[in-house]
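# Structure assessment
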Number of protein chains: 2
Amino acid sequence: MAGRTKPVLHGYFRSSCTWRVRIAFALKGIEYEQVPVNLIKDGGLQLTDEYKKVNPMQQVPAVTIDGMTLSQSLAIIQYIEETRPDPALLPVNPQKRAQVRMICDLIVSGIQPLQNLYVLQKIGEDKVSWAQHFITRGFVALESLLKQTAGKYCVGDEISMADICLVPQVYNAERFKVDVAQFPTIKRVNETLLEIEAFKVSHPSCQPDTPADLRA
Amino acid sequence: MAGRTKPVLHGYFRSSCTWRVRIAFALKGIEYEQVPVNLIKDGGLQLTDEYKKVNPMQQVPAVTIDGMTLSQSLAIIQYIEETRPDPALLPVNPQKRAQVRMICDLIVSGIQPLQNLYVLQKIGEDKVSWAQHFITRGFVALESLLKQTAGKYCVGDEISMADICLVPQVYNAERFKVDVAQFPTIKRVNETLLEIEAFKVSHPSCQPDTPADLRA
C-alpha cells in the first residue's frame, strides 16, 4: 500500500450510506480523510455545482481513491474489498456470498432509498409514517431471512458486508421510532455488532462533522 | 453443469428487475424455467402467503437455484456470475468493475425502487409525475457517468451487469413517457443493446406470461 495517498470520503455524519463506508474502512484498518458535506445547511451542500462534479447523483457518500472518484456505497465497499482484501467482507462459499449480497441489497435497494432525506422531503408532512412503513416492511422480510442465515452475525459467524448494511439501517429505524424489539434477530445481531470497535469509531455520534449536541 | 436441475425464475413479464435476471441467463446460455407471478391480478399474487415463503420481501424476481432460493436481482446475477462465469458479466480490471457496480447501484438503488409498482400505488394520483421526476433525476446523473465510462456499451466495449440494468430501466422510462432523447449516451447504448439476441429473447413483449395484446 506504500505510496498510495489516503482515500478521501465525502460524507455526512448521519448518512447511513456514509456510515457503511466508514465501517468498511475501519474493519480493514484503512486510514482515510473525511470531507463533510452538510446535507441540511443552505438546503443541502450536496446540491451545489461543485459537489455535482464529485457525484453527479448529488448524494453522499463518494470516495476518491486510487485516482478515481466512486459513488454508491456498495460499489465503493466492493472496490475496497477487491483491492484491499484483508480482512474479507465476503465469505468464500458462493452460496453464503449470495446470502450476504441478498441481505445487503434488501437494505440498500429495498429499504434505504425509500426513507432517505430527499424522498422524505418530497413526501412532506406524512414523512414519518411513510418511513416507518417502508422500514417495517423491509425488516419483516429481513428478520425472516436472518432467521435462516444468522449465526453471531447476519450470515454465520463472520462479519460481512451484510453487517455493514444492517447497523446503519437499524440506526435509521430507531430515529424514525420503529420498535426494533419486534425483530429479535435484527436486534440481537445489531447489539452484538455495536460492541465491535470498527462500528463504534464509525458511529454518527463521533465524526468530525457531528454537531456538539449530538456527540456521544 | 450436468446433473443440475434447471433454475426456476419466479417473475413477471413487465418487472424490470425480473428482466435483468432473464438477460443474465440469456447472455450465459443458461436454460431456466419461469413461474409467473402476476403483480396485478387479485391485488398482486406476490402478496400471497404462498409466495411469501419464496421471497419474504414479496417482490419479484426470486430464483430457485442449486438447492436454495435467492431474491434481489443483483445478488442473483452476482451468484450466477460466480458459479457460471462464462461469459463474464464483470470486467477483470478492478477500477472498471467498480464503474460497472456504480452504474448498477445507481439504477438498482437510486432509480428503480422509487418508481416500482408498490411505491407508485402508495403515491396515488401523482404517480406519473413522481416516477418521471425520479427517473429523470437518475438519468441526468447516469448520462454524466456514462459519458466518462461508455464505449460501445456502458463500460467500454464489453457487455456487463451495467448493461443488464440499463435496458430495463430505459424501458420503464419510456413507459412513464420520459423523453430519453435528452440523454444521448443512454439512448445510444440502449439501442445498441436492444439489437443483441439475449436482450431480445428476454424482452417483456415475448415472455410466457405476456398478455396477447402486449406481445411483439
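Residues numbered from 1 in each chain as written. Chains lettered and ligands numbered in written order. Predicted model: local features only at pLDDT ≥ 70, side-chain atom pairs only at ≥ 80, totals over all residues. Heavy atoms only, no water.

Attention shifts here to helix α8 (residues 184-194) of chain B. Every buried residue of α8 of chain B is listed here: Thr185, Ile186, Val189, Asn190 and Leu193 of chain B. The buried side chains of α8 of chain B occupy one side of the element, clustering within an arc of 125 degrees when seen end-on. (Buried < 20%, exposed > 50% of the residue type's maximum accessible area, 1.4 Å probe, protein only. Helix = DSSP H or I, 4+ residues; strand = E, 2+ residues; numbered from the N terminus. Arc of directions from axis to C-beta.)

In this section: the packing of aromatic side chains. Under the definition given, this model contains 13 aromatic pairs over all chains. Each ring, one from phenylalanine 25 of chain A and one from tyrosine 32 of chain A, has its centre 4.6 Å from the other, and the planes form 20 degrees; the classification is stacked. Measuring from ring centre to ring centre gives 5.6 Å for phenylalanine 139 of chain A and phenylalanine 183 of chain A, while their planes differ by 90 degrees; the resulting arrangement is edge-to-face. In this pair, phenylalanine 139 of chain A sits in helix α6 (residues 127-149) while phenylalanine 183 of chain A sits in the loop between α7 (161-175) and α8 (184-194), placing the two residues 44 residues apart along the sequence. Note on phenylalanine 139 of chain A: relative accessible area 0%, which makes it buried. Here phenylalanine 183 of chain A falls in the buried class, since its relative accessible area comes to 4%. These aromatic residues form a ring-pair network of at least three members: Tyr118, Trp130 and Phe134 of chain A together with Tyr118, Trp130 and Phe134 of chain B. Lying across the ring of phenylalanine 176 of chain A, arginine 175 of chain A places its NZ or CZ 5.9 Å from the centre. (Phe/Tyr/Trp six-rings, centres within 6.5 Å; stacked < 30°, edge-to-face > 60°. Lys NZ or Arg CZ within 6 Å of the ring centre and 35° of its normal.)

In this section: the sheet that holds strand β4 (residues 68-71) of chain A. Residues and elements named next belong to chain A. The four strands lie next to each other as β2-β1-β3-β4, forming an open sheet whose pairing is mixed. If you trace the sheet from one side to the other, it starts and ends with β2 (33-36) and β4, each paired once. Mean inter-strand twist for the sheet, computed between neighbouring axes without regard to direction, equals 20 degrees. Taken together, the four bridges between strand β3 (residues 62-65) and β4 define a ladder with antiparallel strand orientation. Looking at β4, one finds that threonine 64 is bridged to threonine 69. The strands touched by helix α1 (residues 16-28) are β1 (8-11), β2 and β3; relative to β1, the strand with the most contacts, the crossing angle is about 155 degrees. Docked against the sheet, helix α3 (residues 73-83) engages β3 and β4, running at close to 130 degrees with respect to β4. (Pairing = 2+ DSSP bridges. Axes fitted to C-alpha atoms, helices over the stretch in contact; angles between N-to-C directions. Contact = heavy atoms within 4.5 Å.)

The next thing to look at is the pairing of β2 of chain A. Residue and element names in this part refer to chain A. Of the strand pairs in this sheet, β1 and β2 are connected by four bridges, and their pairing is parallel. Residue valine 8 lies in a different strand from β2, and its bridge partner there is glutamate 33. In terms of handedness, the path from β1 via α1 over to β2 forms a crossover that is right-handed. (Right-handed = clockwise from strand over helix to strand, strands pointing away.)

Attention now goes to the relation of the copies chain B and chain A. Overlaying chain B on chain A yields an RMSD of 0.0 Å, the required transformation being a rotation through 180 degrees with an accompanying axial translation of 0.0 Å. Such values leave the two copies arranged in the relation of a two-fold axis. The rotation axis passes nearest to the C-alpha of serine 109 of chain B in chain B, at a distance of 2.2 Å. Both copies present the same face, since 100% of the interface residues in chain B are matched by interface residues at the equivalent positions in chain A. (Least-squares fit on C-alpha atoms with pLDDT ≥ 70 in both.)

What follows covers the nonpolar core. Across soluble globular proteins, nonpolar side chains show a tendency to be buried alongside one another. Counting residues in hydrophobic clusters, the biggest one holds 132 residues, and the most contacted among them are Leu166 of chain A together with Leu166 of chain B. For leucine 166 of chain A, the contacting residues outside a window of four places in its chain are Ile107, Leu142, Leu146, Cys154, Ile186, Val189, Asn190 and Leu193 of chain A. (Core = buried A, V, L, I, M, F, W, Y, C linked by side-chain atoms within 4.5 Å.)

Take the sheet that holds strand β4 (residues 68-71) of chain B next. Residue and element names in this part refer to chain B. The strand order β2-β1-β3-β4 describes an open sheet built from four strands, whose pairing is mixed. Of all strands in the sheet, those bounded by a partner on one side alone are β2 (33-36) and β4. Across the sheet, the axes of successive neighbouring strands diverge by a mean angle of 20 degrees, strand direction being ignored. Most of the contacts of helix α3 (residues 73-83) go to β4, to which it runs at about 130 degrees, and overall it touches β3 (62-65) and β4.

Here we come to the interface of chain B and chain A. Between chain B and chain A, the residue contacts involve 40 residues of the former and 40 residues of the latter. Interface of chain B and chain A: buried area, both sides summed, is about 3,800 Å²; carbon and sulfur atoms make up 65% of it. Linking chain B with chain A are four salt bridges, by the criterion used here. Taking the shortest distance from any N to any O, the salt bridge between glutamate 82 of chain B and arginine 101 of chain A comes out at 2.9 Å. The interface formed by chain B and chain A includes 15 residue pairs in polar contact (both at pLDDT 80 or more). (Buried area = accessible area lost by both parts, 1.4 Å probe. Salt bridge = Lys/Arg side-chain N within 4 Å of Asp/Glu carboxyl O. Polar contact = N/O pair within 3.5 Å; in protein donor to acceptor, adjacent residues only side chain to side chain.)

Okay, the domain arrangement of chain A next. Residue and element names in this part refer to chain A. On domain assignment, one finds that chain A holds domain 1 (8-87) and domain 2 (94-199). Inter-centroid distance (C-alpha atoms) of domain 1 to domain 2 is 20 Å. Counting residues at the interface gives 16 residues for domain 1, matched by 19 residues for domain 2. In total, about 1,700 Å² of surface goes out of reach between domain 1 and domain 2, with carbon and sulfur atoms giving 73% of it. Counting the surface domain 1 buries against domain 2, the share from its top three residues, Trp19, Arg20 and Leu74, is 35%. For the interface between domain 1 and domain 2, the tally reads zero salt bridges. Joining domain 1 to domain 2, the criterion identifies one residue pair in polar contact (both at pLDDT 80 or more). At the level of elements, α1 and α3 are the ones that each hand at least two residues to the side of domain 1 that touches domain 2. Looking at the side of domain 1 that touches domain 2, the element that brings in the most residues is α1, giving eight residues. (Domains from an automatic or database assignment.)

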